Amino acid sequence: MSVEIQRAKEEKKGLPPLPNVEVWGCVCTRFAPNPDFAIHLGNARAAILSYEYARMYRGRFVLRFEDTDPRIKTPLPEAYRLIEEDLRWLGISWDEEYVQSLRMELYYDVVKKLLAVGGAYVDLCPAHKFRELRNVGKPCPHRDEPPETQLERFDKMLEGFYSEGEAVVRVKTDLSYPDPAVRDWVAFRIIDTSKHPHPVTGDKYIVWPTYNFAAAVDDHLLGITHILRGREHAVNTIKQMFIYKHLGWRYPEVINFGRVSIEGFILSKSKMKELLRRFEDKFLGIDDPRFGTIAALRRRGILPETIKQLILELGVKSTDATVSWENIASLNRKIADRVCKRVFVVEDPVKLVIEGMTLPHEVTLRFHPAQDLGTRKYVLNRAEVFITRSDAHEALSKGGLRLMEFTNVRIVGNENGVLRGKAVSGGVEVAKEHGWGIVQWVPVEHAVKVVVLKAEGMRLRRIPCVGEAVLKNLAGEVVQMVRFGFGRVDRVERRAVRVIYAHP
RNA sequence: GCCGCGGUAGUAUAGCCCGGUCAAGUAUGCGGGCCUCUCGAGCCCGUGACGCCUAUGGGCGCGGGAGACCCGGGUUCAAAUCCCGGCCGCGGCACCA
């Protein structure tokens, strides 16, 4: 279904055109995550927008892992695959893939060029001393030493002559620039990888480019024409432009968009890491339903089309956006309602024994009333079903009810919490005439324990339920639990099924 | 503290760059109806930003006046849109990405 609808929506919304496409000839965009954690909705915004623009202009789209900090934002070995998986799930494919920690020699080449043309220098001042000078707009004594000295010192850095903190490479900028952060920023620093090994390259390198250097160089080397990234990168653009100026490169077009957050969700990577570290047993992992990671949204039954649609609606605005869960839920519901199987799950179950039914009785239920999603069949040797307590109460006062897609039942008794009923012939019309409720039900013989996990703010509530046996065959599927809500079958065990609740 | 961005309905946002088409769009929410076996789903209709009147259910905004997109001022025939000031909120200011 969604392809046509999606396309129609996109066309209607229409991403605004990219600036200066003519001067670049073709469009090339990139998504450049740090593989230190799974990606969240904010990252997905950059990924989806970049990918969509590349597609829109029939250009290239590049995936680049920015893993040049083995010490503070240490890459997570499994994150590389995790991110690829998330992107694929979102329907994103990429033409090229790069890992920065595998491109170190390239960065060394460029910085040597930069040192040779006097666009950078090796700074041997302690950090605090440099900061003092910088804050008053003064150059450090190493700034004006000749290129030969700089190159020599850089080689010494590579050889391990200096230890952490003793030497950095700085890019020459404008020392009078109003924002001190821009003044002669650090391009390379020494990281002792014998103490902080890099998951990809181990202790092979000790001189590491900073984000600003590696990203700036790669954007040029890979022919990136349009950069779409978060507003928090605004100063980085200014910093990076100095390299381009020194080397005579043309800086790509930049579009900064605002932050996205989801009301009531945790989106900060550091916060998620912290929570996982401190309360490991209280969380279900990187994709815990209280987190705003793509993996978490997937795990709780949000469909990729929903996320894509949401991001395209948000567009490229520079203002921050807080999307409400209600909004995501309604978007998701519209799509899921059409494509997901419907099953019966009963909360707070009450037994109902039906008399006057020929046994064994075979009942076939469709997974969807309008789409052909198949059926499931149950053979009843005992006419006993579970229904929800609140439905039982209502049936008691109205005298009967209809078991959806099965039979009408007149209530004849209520003993020790077990309802007794009599099967009444006829279809839905009969039930409607009586004003009886049409309810979901689960045959007692074919019931499995279902635990529904519902994220409520910071709490994760366990709702014990019973469900149809067929749930055991639906592992990983997003389902509609009729008159209960949408969710995804998270785990199937011999005696119980776990469902993560998405939304009503 | 220093740079930068923003403040539109209950909520989330569109529009602002290029002033009139905005008595302000969309989604959600809310109200009602329909319903193909979900009345906690779906579909349809209505309801929203200001003012006035009201028998409080709702009604009226045709011409003129007033009012209407944080507040106050200004420019203009005309401002949600441009300018100035204020208040509030957010982001950046790492040998992080």
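Predicted, not measured: the structure shown is a model, and the values here were computed from it.

(A) Local environment of the pattern of salt bridges. Across all of its chains, the model carries 42 salt bridges by this definition. When the shortest N-O distance is used, the salt bridge between R298 and E85 registers 3.7 Å. Residue R298 is found in helix α11 (residues 294-299), and its partner E85 is found in helix α4 (residues 79-89); the two are separated by 213 residues along the sequence. What makes R298 buried here is its relative accessible area of 18%. Put simply, D86 and R298 hold a salt bridge, and the shortest N to O gap is 3.0 Å. Placement of D86 in helix α4 and of R298 in helix α11 is noted, with a sequence separation of 212 residues between them.

(B) Here's a closer look at the protein's contact with RNA strand B. In the vicinity of RNA strand B lie 45 residues, with K73, R189, T322, R342 and K432 positioned nearest. Backbone sugar and phosphate groups make up 71% of those atoms of RNA strand B lying within 4 Å of the protein. Side-chain polar atom of R189 to a phosphate oxygen of RNA strand B: 2.4 Å apart, as the coordinates give it. Here a base nitrogen of RNA strand B sits 2.7 Å away from a polar atom, N or O, in the side chain of R402.

(C) The domain arrangement of chain A, seen in detail. Domain assignment breaks chain A into domain 1 (104-209) and domain 2 (340-504). Computed over C-alpha atoms, the centres of domain 1 and domain 2 are 67 Å apart.

(D) Examining the state of the cysteines more closely. Under the counting rule described, the total for this entry stands at zero disulfides. As a non-bridged cysteine, C340 has C465 as the owner of its nearest cysteine sulfur, 18 Å distant. The class of C340 is buried, set by a relative accessible area of 4%.

(E) Spatial organisation of the sheet that holds strand β1 (residues 28-31). With parallel pairing, three strands are arranged side by side in an open sheet as β1-β2-β3. The outermost strands of the open sheet, each flanked by one partner alone, are β1 and β3 (96-99). Each neighbouring strand pair of the sheet contributes to a mean axis angle of 25°, computed without reference to strand direction. Of the strands in this sheet, β1, β2 (60-65) and β3 touch α4, which is tilted by about 150° from β2.

(F) Inspection of the sheet that holds strand β24 (residues 459-468) at higher detail. Taken in spatial order, the seven strands make up an open sheet running β12-β25-β26-β27-β23-β24-β13, and their pairing is mixed. A strand with exactly one partner marks an edge of an open sheet, and here the two such strands are β12 (341-343) and β13 (345-347). Across this sheet, the average inter-strand angle for adjacent strands is 40°, counted without regard to direction. Relative to β24, strand β23 (residues 447-456) runs antiparallel, the two sharing ten bridges. In the strand pairing of β24, E456 is matched with R459. Along the sheet, helix α13 (residues 325-339) makes contact with β12, β25 (478-481), β26 (485-492) and β27 (496-503), crossing β27 at roughly 120°.

(G) A look at the packing of helix α5 (residues 104-116) against helix α7 (residues 147-159). Running from N to C, α5 and α7 point in directions that differ by 155°, and their axes come no closer than 8 Å. Between α5 and α7, the angle is such that the two are roughly antiparallel. Of α7, the residues touching α5 (which contributes Y108, V111, K112, L115 and A116) are P147, Q150, L151, F154, D155 and L158. A class-by-class count of the residues in the contact of α5 with α7 yields eight nonpolar, one polar and two charged.

(H) The environment of I438, seen in detail. Counting through the fold element by element, I438 comes out in strand β21 (residues 437-439). Sequence separation of I438 and R483 is 45 residues, and the distance between their C-alpha atoms is 10.0 Å.

(I) Here's a closer look at the pairing of β26. Counted residue by residue, β26 has six buried out of eight residues, so it is predominantly covered. The antiparallel hairpin formed by β25 and β26 contains three residues in its connecting segment, where R483 sits at a positive phi of about 60°. With six bridges joining them, β26 and β27 adopt antiparallel strand pairing. Opposite V492, over in β27, you have V497 as the bridge partner. The hairpin formed by β26 and β27 contains three residues between the paired strands.

(J) Expanded view of the side chain of R103. Relative to the helices and strands, R103 resides in the loop between β3 and α5. With relative accessibility at 11%, the residue R103 sits in the buried group. Beyond its immediate stretch of four places on either side in the chain, R103 contacts Y98, D218, L221 and L222.

(K) Focus on the packing of aromatic side chains. Tallied over the full model, the rule gives 16 aromatic pairs. For the ring pair Y108 and Y205, a centre distance of 6.1 Å and an interplane angle of 70° mean the geometry is edge-to-face. Of this pair, Y108 sits in helix α5 while Y205 is found in the loop between β6 (186-190) and β7 (207-209), placing the two residues 97 residues apart along the sequence. For Y205, a relative accessible area of 9% translates into the label buried. Ring geometry for Y205 and W208: centres 6.2 Å apart, planes at 80°, overall edge-to-face. Between the NZ or CZ atom of R170 and the centre of the ring of F130, over which it lies, the distance is 3.3 Å. Note that R376 overlies the ring of F344, its terminal NZ or CZ placed 5.5 Å from the centroid.

About the cut-offs
- Each chain has its residues counted from 1, running along the sequence as written.
- As they are written, the chains are lettered A onward and the ligands numbered 1 onward, keeping that order.
- The predicted origin of the model limits local features to residues at a pLDDT of at least 70 and limits the giving and counting of side-chain atom pairs to 80 or more, whereas totals for whole chains, interfaces and linings rest on all residues.
- In computing side-chain values, all of the structure's heavy atoms are included and hydrogens and water are not.
- Definition used for salt bridges: Asp or Glu carboxyl oxygen within 4 Å of a side-chain nitrogen of Lys or Arg.
- A helix here means a DSSP run of H or I that spans at least four residues, while a strand means a run of E at least two residues long, and both kinds are numbered starting from the N terminus.
- Categorising residues by exposure relies on relative accessible area from a 1.4 Å probe, with only protein chains included: less than 20% of the type maximum marks a residue as buried, more than 50% marks it as exposed, and the intermediate range marks it as partly exposed.
- If a single non-hydrogen atom of a residue is within 4 Å of a molecule or strand, that residue counts as near it.
- Pairs of N or O atoms within 3.5 Å make up the polar contacts considered here, provided that, within protein, one atom can donate a hydrogen while the other can accept it, and that residues adjacent in sequence are counted only when both atoms are side-chain atoms.
- Domain delimitation in this document rests on an assignment produced automatically or drawn from a domain database.
- Two cysteine sulfurs form what is called a disulfide whenever their separation falls within 2.5 Å.
- What makes two strands pair is DSSP finding at least two bridges between them.
- Note on geometry: axes are lines fitted to C-alpha atoms, helical ones only across the stretch in contact, with angles between N-to-C directions running from 0 to 180 degrees.
- Any two residues whose heavy atoms approach within 4.5 Å at even a single point are treated as in contact.
- Here the word oblique covers every angle except those under 35 degrees (roughly parallel), over 145 (roughly antiparallel) and from 65 to 115 (roughly perpendicular).
- Only Asp, Glu, Lys and Arg are considered charged, only Ala, Val, Leu, Ile, Met, Phe, Trp, Tyr, Cys and Pro nonpolar, and every remaining residue, Gly among them, polar.
- Aromatic pairs are defined between Phe, Tyr and Trp rings, using the six-membered ring for Trp, whenever the two ring centres lie within 6.5 Å; interplanar angles under 30 degrees are classed as stacked, those over 60 as edge-to-face, and all others as tilted.
- Working rule: Lys NZ or Arg CZ, within 6 Å of ring centre, within 35 degrees of ring normal, means a charge sits over the ring.

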